[in-house]
Amino acid sequence: MAQRLKEVDVVVIGVGMVGSIVAKELAAAGYKVVGLERGQTRFTVPEFQSPAVHDELRFDIRKALMQDNTREPVTFRNQGAQVALPVRRWESFLPGTGLGGSMVHWNGQTYRFQATDFQLATRTRERYGKNFLDPDVTIQDWGVTYDDLEPHYDRFEYLLGTSGKAGNIKGRIQAGGDPHESPRSRDYPTPPQKEHFQGAMFRKAAGSLGYHPFPQPSSNLSQPYTNPEGVKLNACVFCGFCERYACEHYAKSVPQTVILPVLLANPNFELRTGCQVQRINLDSTKKHATGVTYIDAVGRVFEQPASLVITSTFAINNIRMLLLSGIGKPYDPATGHGVVGRNYAYQTMSTVASFFDEDVIVNPFMASGASGTLINDFAGDNFDHSGLGFIGGAYIGAVNTNGRPIQYHPVPPGTPAWGKGWKQAVVKHYNHTVMFSCHGSSVSQRQNYCDLDPTYRDAWGQPVLRITFDFPPNDIKMAAYVTAKAVEIGKAMGAKQVVGSPRKGPYTVTQYQTTHNTGGTVMGDDPKTSVVNRYLQSWDVPNVFVIGASNYPQNATWNPTGTLGALTYWAIDALKNKYLKSPGRLVSA
Amino acid sequence: MNAPAPPFARFAFSFLLIAALPCALAASATPAGAATPAAAAAAAAPPCEACHGAHGEGMAAAHVPRIAGQSADYLKKQLDDYAAGTRDNPIMANFAKALSQQQRAKFAARYAAMSARYIPQVKPPIAVHLARGHQLAFQGDEAKRVQACNACHGPDGVGVPHAAPYLAGQSAEFLASALKAFKDGTRKNDAGELMRSVAERLDDADIAAVTGYFASVDLSTH
């Protein structure tokens, strides 16, 4: 029998990036907030300190910072006709767990989406005609515009201290920045990180072809920075252990380094870790949430009543929370009806390896998670897609984040997969190879979705999430097109051999690509095609807000975190200035 | 980790020249006497050892660091920075300015190749300070938002050539004066203000504890 606790104003499920920011703002506004985090409490000291934190076997291979999939797996299949099986080892994507969430192990790549992305369906129709796309593609507008989000992007970047170079300030193109970006109100809070050698080689080659290289916006900071919350970060030391690792230097912007010290000092906030939320509870009308039920680390069941529930877990877990709670109609791919789990999308990642002679020394280990150089000339809708048969694009960049010994050993095709020949090739090429990433968009498609698995259950007896996904033909075409452009840049660098690997289907869950899972609780203006309205409020249960990359109707070219930060502040603005003053629907259905 | 000490006699230095240099260089006076830094450099003799010792062991009481076995890149950078003024010490600035780039590289390489025996502290820290120093070295302090020294300076402060100098076995007095110089901004030759960011969060007790700890580490037992 659940023990019923004293009611609070707000319960936040998941104390990661979104949860920390929302909780901080609402607690500061005077509301009693409880944050429920399934993982452990952890801080830069002592949990993230080296040498333990640089254990490649533990963190890279065994995924020590990730969701415990022995207790809480997901299942996966490519198509609806297959039987999904549990993912027992995280490979394709890496959802984190614990205080600070997945952001603790991110790379710090902090992009904005472009104005076109937020009105993708409308703009595509306008520019290319209404029959341009495969009829299975289900892209749609977001219900917010870039202009709506600009102040919130700005606020998020200043919270993080992001290091970068503006390309467009209030419509004026800035030399050295990205000329394709949508206008920003001011420059980044800190200057770009130092360019590594691979980046410099890329910049020269891309520039020689008439493209527009610029430094990667990085939340591993170029210099010490005190954010508007009064929290100070240090400069990055280019140790090469960002992604999959926590930062020991207070140099990567994560909840622990940008906002938790302020949140945890507020007596209006209470953090409870080791708490596995089972569901959001609804009253008999099913239109009002009464709180949540969770199980703590020793198995006790609690009911935490609250006036407002915010689910701010990792994208796929937000979907599952709604499905387990019976909030919103589950999506049915056969009929196309229902919304929860619909428009699950990903990111379409391709690579190009440029092999040089041994006189070109690149020192790949000297990197941060975001110290590269890239171009947006083939990103989003920055080029004419007429006649190409696809929409979307990819940024191309020398954005390699590390040269760690177990995982990083580029070798040319034809190299033996093991043994002496392989070892010799690794030694030969390790320090003389430049890697490009083609980081591509992902359209949503009718057949791709998430629902509850009919067979497998988690350690608490609840159905796990089932992902059904394969790469849409649109994105395979896009990957082929953009990767060919990237190969040309590799050749312009003067590489001896350039090997492009455009992403091809079928999607495999057993190879790392990226942790940019999106969709499933998408935002929009129409309750028939979205789970939450433009303020991220549930259409069905107005005192539930869902905030995550699960809100994206499809995924754009860039890493999703910057946009999620902007959406978070956008939703907070609506919560503080609209909803909490007068609780109820913010948009009439 | 240190290379064996090269034979003392290998270096053609002038004993007289060295003897003419003032010993108490830590008292920030300009070197006086017949031997100007330029003359010392011209003679290609190591003027360093009057203070840094014949084996680079330093002079703890006078806040002169041990430099034996410190990486050549690090030592060379310090000489460059003394000359440029980003590391503030009038005595070292005089020497460094008088040396050519080649000479700086040569001295740096010479001391990088040396090893010197561990010199125990005259007044070792008490257990409670050692414990606090050990904590800062290995773990850091979340309340002060200070990461472990070892994160950059290597396991137990053995140094990470070429980026970070060793702290183990270094004189506590010197380490304390270095931290204070980073803290008050008179030393600003750290990339990205990495050391200033740490030093400004340490109080005097922390500085005494952590420098006492590192001075107590005998590298020859590693």
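All residue numbers refer to positions counted from 1 along the written sequence of the respective chain. Lettering for chains starts from A, numbering for ligands starts from 1, and both go in the order in which the items are written. For this predicted model, a pLDDT threshold of at least 70 governs which residues receive local features, and a threshold of 80 or more governs which side-chain atom pairs are given and counted, while totals over whole chains, interfaces and linings are taken from all residues.

Caption draft 1: How the structure looks around the overall build of chain B. Secondary structure elements are taken from DSSP: a helix is a run of H or I of four residues or more, a strand is a run of E of two residues or more, and numbering for both begins at the N terminus. A count of helical and extended segments in chain B gives 11 helices and 0 strands. What you see in chain B, going N to C, is helices and strands ordered as α-α-α-α-α-α-α-α-α-α-α. For chain B, the residues scored as buried account for 46% of the 222 residues in total. Any two residues are considered in contact once their C-beta atoms, placed from the backbone, lie within 7 Å. When contacts within chain B are restricted to residue pairs at least 6 apart in sequence, long-range pairs at least 24 apart make up 66% of them. Residue burial here comes from a neighbour count, namely the number of other C-beta atoms, placed from the backbone, that lie within 10 Å of the residue's own C-beta, with 20 or more meaning buried, 12 or fewer meaning exposed, and in between meaning partly exposed.

Caption draft 2: Molecular detail of the interface of chain A and chain B. Contacts between the two partners involve 15 residues from chain A and, on the opposite side, 15 residues from chain B. Residue polarity follows a fixed list, in which Ala, Val, Leu, Ile, Met, Phe, Trp, Tyr, Cys and Pro are nonpolar, Asp, Glu, Lys and Arg are charged, and the others, Gly among them, are polar. Looking at the side of chain A that touches chain B residue by residue, the classes come out as 8 nonpolar, 6 polar and 1 charged.

Caption draft 3: Region of the structure containing the sheet that holds strand β17 (residues 373–375) of chain A. Residue and element names in this part refer to chain A. DSSP calls a pair of strands paired once it identifies at least 2 bridges connecting them. Spatially, the 6 strands line up as an open sheet ordered β8-β17-β18-β19-β16-β22, and their pairing is antiparallel. Of all strands in the sheet, those bounded by a partner on one side alone are β8 (214–215) and β22 (497–501). As paired strands, strand β16 (residues 348–355) and strand β19 (residues 433–440) are joined by 8 bridges and run antiparallel to one another. In the strand pairing of β19, Thr351 is matched with Ser437.

Caption draft 4: Quick peek at the domain arrangement of chain B. Residue and element names in this part refer to chain B. For every domain, the bounds stem from an assignment made automatically or drawn from a database. Per the domain assignment, the segments making up chain B are domain 1 (41–117) and domain 2 (127–221). Summarising the inter-unit geometry, the C-alpha centres of domain 1 and domain 2 are found 21 Å apart. If you look at the interface, domain 1 gives 15 residues, while domain 2 gives 16 residues. Looking at side-chain class alone, the side of domain 1 that touches domain 2 contains 5 nonpolar, 5 polar and 5 charged residues.

Caption draft 5: Inspection of the nonpolar core at higher detail. Val12 and Ile396 of chain A are the most contacted members of the largest nonpolar core, which totals 197 residues. With 8 residues, the top contributor of residues to this core is helix α12 (residues 561–579) of chain A. Structurally, this core is a two-domain feature, drawing no fewer than three residues from each of domain 1 (41–117) and domain 2 (127–221) of chain B. In this structure, Ile396 of chain A is in contact with Leu374, Ile375, Phe378, Phe436, Cys438, Val482, Lys485, Ala486 and Ile489 of chain A, ignoring residues within four places of it in sequence. By definition, a nonpolar core groups buried Ala, Val, Leu, Ile, Met, Phe, Trp, Tyr and Cys residues that connect through C-beta atoms lying within 7 Å of each other.

Caption draft 6: Structural view of the packing of helix α7 (residues 127–138) of chain B against helix α11 (residues 204–215) of chain B. Residue and element names in this part refer to chain B. Simply put, an axis is a line fit to the C-alpha atoms, just over the touching stretch for a helix, and the angle between two N-to-C directions goes from 0 to 180 degrees. At a minimum axis separation of 7 Å, α7 and α11 run at an interaxial angle of 85°. Taken together, the axes of α7 and α11 are roughly perpendicular relative to one another. Contacts between α7 and α11 involve His129, Leu130, Arg132, Gly133, His134, Leu136 and Ala137 on the former and, on the latter, Asp206, Ala208, Ala209, Val210, Gly212, Tyr213 and Phe214. Looking at the contact of α7 with α11, its residues break down into 8 nonpolar, 4 polar and 2 charged. To sort the angles, those under 35 degrees are grouped as roughly parallel, those over 145 as roughly antiparallel, those from 65 to 115 as roughly perpendicular, and the leftovers as oblique.

Caption draft 7: The arrangement of the environment of Arg457 of chain A in detail. Residues and elements named next belong to chain A. You can see Arg457 is positioned in strand β20 (residues 449–457). With 13 C-beta atoms counted inside 10 Å, the residue Arg457 sits in the partly exposed group. For the pair Arg457 and Gly210, spaced 247 residues apart in sequence, the C-alpha to C-alpha distance is 54 Å. Residues within four places of Arg457 in sequence aside, it is in contact with Gln462, Pro463 and Val464.

Caption draft 8: Just the pairing of strand β4 (residues 74–77) of chain A, in detail. Residue and element names in this part refer to chain A. Here β4 pairs with strand β21 (residues 463–468) via 4 bridges, running parallel. In the sheet register, Thr75 faces β21, and the bridge partner there is Arg466. Both β4 and strand β5 (residues 85–86) contribute to a ladder of 2 bridges, which runs antiparallel. Its bridge partner being in β5, Phe76 is matched across the sheet by Leu85.

Caption draft 9: Main features of the environment of Leu323 of chain A. Residue and element names in this part refer to chain A. With respect to the secondary-structure elements, Leu323 resides in helix α9 (residues 315–325). A C-alpha to C-alpha distance of 7.1 Å links Leu323 and Leu452, two positions 129 residues apart in sequence. Those residues in contact with Leu323, other than ones at most four positions away along the chain, are Pro330, Val340, Gly341, Asp451 and Leu452.

Caption draft 10: Fine view of the confidence of the model for chain B. All names here are of chain B. The predicted model of chain B averages 82 in pLDDT, with 78% of residues at 70 or higher. Per-residue confidence from the predictor is reported as pLDDT, a score between 0 and 100. Low pLDDT (under 50) marks residues 1–35, which in the prediction has 52 contacts with non-local residues, meaning those over four places away or in another chain. Every residue in residues 37–45 scores below 50 in pLDDT, and together they form 18 contacts with partners more than four places removed in sequence or on other chains. Of the two predicted TM-score estimates for the complex, the pTM is 0.93 and the ipTM is 0.88.

Caption draft 11: View of unusual backbone geometry. Residues and elements named next belong to chain A. The linkage connecting Val45 with the following residue, Pro46, adopts the cis geometry, with an omega of 5°. Counting through the fold element by element, Pro46 comes out in the loop between β3 (33–37) and α2 (56–61). Here the amide bond leading from Ser50 into Pro51 is cis, since omega sits at 0°, within 30 degrees of zero. Along the chain, the position of Pro51 falls in the loop between β3 and α2. Unusually for a residue other than glycine, Lys286 sits at a positive phi of about 65°. Looking at where Lys286 falls in the secondary structure, it is placed in the loop between β12 (276–282) and β13 (289–295). Residue class for Lys286 comes out exposed when judged on the 12 C-beta atoms lying within 10 Å of it.

Caption draft 12: Spotlight on the pairing of β3 of chain A. All names here are of chain A. In terms of residue burial, β3 counts as a mostly covered element, since 5 of its 5 residues are buried. Every second residue of β3 is oriented toward a common face, with Val33, Gly35 and Glu37 on one face and Val34 and Leu36 on the other, all of them buried. For strand β2 (residues 8–13) and β3, the ladder comprises 4 bridges, and the chain directions are parallel. Note on β3: the bridge partner recorded for Val10 is Val33.

Caption draft 13: Structural view of the environment of Glu37 of chain A. All names here are of chain A. Along the polypeptide, Glu37 turns up in strand β3. The class of Glu37 is buried, set by 27 C-beta atoms lying within 10 Å. Residues Glu37 and Thr97 lie 60 residues apart in sequence; the distance between their C-alpha atoms is 8.3 Å. Non-local contacts of Glu37, meaning those with residues more than four positions away in its chain, are made with Gly14, Val15, Leu99, Leu271, Thr273 and Cys275.

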